[in-house]
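Here is what each chain is made of, one letter per residue.
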Amino acid sequence: MTTRRGLITDSFKVVKKARTAEKQEKTPSPPPSQNEDQTETIREEELQKLQQFDLDWRFGPCTGISRLERWERAKLHDLNPPEEIRELLQMCTDPEYSQSLWSEYPF
Amino acid sequence: MFSDLSAQKEGSSLLCRPASEDQGPAVFERTSLAYSPSSERYGVGERSFSRQYAHIYAARLMQMRPLLSERAKEKWGSDVLIRKLCDLETGEQCCIVGTLFKRMELQPSILKEITHKKMKLPHNLLPQPARAKYISETDELILEDELQRIKLEGKIDKNKCVTGSVIAIYGAERNDGKFTVEDFCTADLPLQTARPSLSSDRFVLLASGLGLGSSRADSMLGLQLLVDMVTGQLGDLGEQSGAATISRVLLAGNLLSQSTQDKDASTKAKYLTKKTQAGSVEAIRLLDELLLQLVASVPVDVMPGQYDPTNYTLPQQPLHRCMFPLSSVYPTLQLASNPYQADIDGVRFLGTSGQNVCDIQRYSSMDSHVEILEETLRLRHLAPTAPDTLGCYPFYLKDPFILEECPHVYFSGNAPAFESKHIKGPDGQEVLLVTVPEFSSTQTACLINLRTLHCEPVSFSAFSADEDEESEMNISH
């Protein structure tokens, strides 16, 4: 928690809903080129895959550890986690990719 | 036996004339052993407590499930159905694998304490003081796997079971949703590498509960006798050559007494405690001086215990060498973690300072420490009650308390009395179980013979102040 005087949004991060609303507002403004559109959908798909990996009960709880750490644990115990998740996680260092679905919440 | 070794030498040389000039004093070389510590798995590097404990339970189940499926197939036939709880069908005979949870009415619960405080209930409803045992008739056993849990009834002794043990159960689900247990099995002992056969007798001395820094200094004489015996300054040539066969000393926890943990300093007013030091400072200085005498002559392994200045959660990290300025200069001082694992001359030692055993004793009907030791070995887990009632670090990758290799000697410290037992495993493993008694109350330590894997107690009794008749100072074996 920050000790300096500031906005309420310093202690309580903006909730995810507002963020996706911002995203949707951004895309229609200037007409987007074909490429940008495609990268957006690919990114959406990848994030979906990672979220499904988070919610898969076979690999144990997902809170409090990064996705890569969870993948490594699943590999160590011979649970056959899908390789493509590993590749996705290694390529991107974006915190939205590497941290779990619930990382915003203080569990 | 150790006592036979000392008695074999001819004649006592204590009351003889000094040896002639050219003969010189007899020097005994202490046997040195191959020692390799393997406690790295109990070292916790960077610590992050922002994780929940669900991970350690998940890792435990992930690791134990394949082992238990193997055991279940061996015990009930290779065609036994191993089901997940979500796939259970009523009336079908099958086997389920999961973690036990024992719901105990008397288990201290922080929620109950807070509720009582908030509702300002009268005194007789306040939570009870610490009890010796928290079991009662109304306890319930529940089995949990990755997704669901189910209540258990039947041929399983709920008083002997503790929360956190992973077992396989054979039976059927009844109409009312409970599972009837017909039989159950544990992971049993892991595989053991054969220990090499040794040519001569070598001994390892185990002691625990030295209890330094207490207001009663009764055990100091016994302690000094122990140190003198090990360093060969006691007895005549026979005893000295016997002491030369003691090649290692292992101190299994509670080197400091409980009274050094006095928390008065934090609750009293500052002006009363300004110039006073913590009780543990003086006690650690005493320990350092004691260790200095020992390490100059024999390798010593020091494990921390419940009352020692290290972290509370298991695995306890080794005591820091800055606390031992005199003795840490010697390479023979090994500061070890709790639990402790090492190979001494090919014989694998594994043990703890007793917190895991005491915790199981509180939450089950078992009283004998050696019986509890055997139970933890059969469950293949050092501390099943961690993290439920025993403090533990929130591991996420693996559960380091699961035994992966069977030890030859399995010990726990700070027991009320010395006990030892030999047990055999299903694949030919042989283990010596030893409960090391608390030195401050029993004045007893144990000697383990590495060649025969036999253990014997060594006790040091001294004059007691209130006895009128003459009592002899004896070192009995």
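The structure presented is a predicted model; accordingly, all values stated were derived computationally and were not measured.

Enquirer: Honestly, the sheet that holds strand β1 (residues 35-37) of chain B in this entry has me stumped. Any pointers?
Expert: Across a sheet, strands are paired by hydrogen bonds formed along the backbone, either parallel or antiparallel in direction. All names here are of chain B. Pairing in this open sheet of six strands is mixed, and the strands run β1-β12-β13-β14-β16-β15 from one edge to the other. In this open sheet, the two strands that pair with only one neighbour each are β1 and β15 (419-424). Averaged over neighbouring strand pairs, the angle between their axes works out to 20° when direction is ignored. By the bridge criterion, six bridges tie β15 to strand β16 (residues 430-437) in an arrangement that is antiparallel. Residue Lys 424 lies in a different strand from β16, and its bridge partner there is Glu 430. Strand contacts of helix α10 (residues 369-378): β14 (409-415), β15 and β16, with the helix running at about 140° to β16, the strand carrying the most contacts.

Enquirer: In this structure, what is going on with the packing of aromatic side chains? I would like to understand it.
Expert: The geometry of two aromatic rings is summed up by the distance between their centres and the angle between their planes. All names here are of chain B. Tallied over the full model, the rule gives eight aromatic pairs over all chains. Centre to centre, the rings of Trp 76 and Tyr 170 are 5.2 Å apart; their planes meet at 25°, and the pair counts as stacked. You can see Trp 76 sitting in helix α2 (residues 54-76) and its partner Tyr 170 sitting in strand β6 (residues 166-173), a full 94 residues away along the chain. For Trp 76, a relative accessible area of 17% puts it in the buried group. On the numbers, 6.1 Å between centres and 50° between planes, the contact of Phe 439 with Phe 460 is tilted. Pair noted here: Phe 439 is in helix α11 (residues 439-442) and Phe 460 is in strand β18 (residues 454-461), with a separation of 21 residues, a long-range link. Phe 460 carries the same exposure label as Phe 439, and that label is buried. An aromatic cluster is defined as three or more aromatic residues linked by ring pairs; in this entry it consists of Phe 49, Tyr 393, Phe 395 and Phe 401.

Enquirer: Would you explain the environment of Asn 80 of chain A in this entry?
Expert: Residues and elements named next belong to chain A. Of note, Asn 80 is situated in the loop between α4 (67-76) and α5 (83-91). Residue Asn 80 is classed as exposed on the basis of its relative accessible area, which comes to 65%. The sequence separation of Asn 80 and Leu 55 amounts to 25 residues, and the corresponding C-alpha distance is 15 Å. With sequence-adjacent residues up to four places away left out, Asn 80 is seen in contact with Phe 59 and Ala 74.

Enquirer: Is there a simple way to explain the interface of chain B and chain A in this structure?
Expert: Between chain B and chain A, the residue contacts involve 15 residues of the former and 14 residues of the latter. On the chain B side of the contact with chain A, His 55, Met 62 and Tyr 396 of chain B bury the most area, a combined 45% of that side's loss. Seen at the junction of chain B and chain A, the total is zero salt bridges. Our count for the chain B to chain A interface comes out at four residue pairs in polar contact (both at pLDDT 80 or more). Here the residues of the side of chain B that touches chain A are counted per class, giving seven nonpolar, four polar and four charged.

Scoring rules and cut-offs
- Residues numbered from 1 in each chain as written.
- Chains lettered and ligands numbered in written order.
- Predicted model: local features only at pLDDT ≥ 70, side-chain atom pairs only at ≥ 80, totals over all residues.
- Heavy atoms only, no water.
- Pairing = 2+ DSSP bridges.
- Helix = DSSP H or I, 4+ residues; strand = E, 2+ residues; numbered from the N terminus.
- Axes fitted to C-alpha atoms, helices over the stretch in contact; angles between N-to-C directions.
- Contact = heavy atoms within 4.5 Å.
- Phe/Tyr/Trp six-rings, centres within 6.5 Å; stacked < 30°, edge-to-face > 60°.
- Buried < 20%, exposed > 50% of the residue type's maximum accessible area, 1.4 Å probe, protein only.
- Buried area = accessible area lost by both parts, 1.4 Å probe.
- Salt bridge = Lys/Arg side-chain N within 4 Å of Asp/Glu carboxyl O.
- Polar contact = N/O pair within 3.5 Å; in protein donor to acceptor, adjacent residues only side chain to side chain.
- Nonpolar A, V, L, I, M, F, W, Y, C, P; charged D, E, K, R; others polar.

These values are about where atoms sit, not about what they do.
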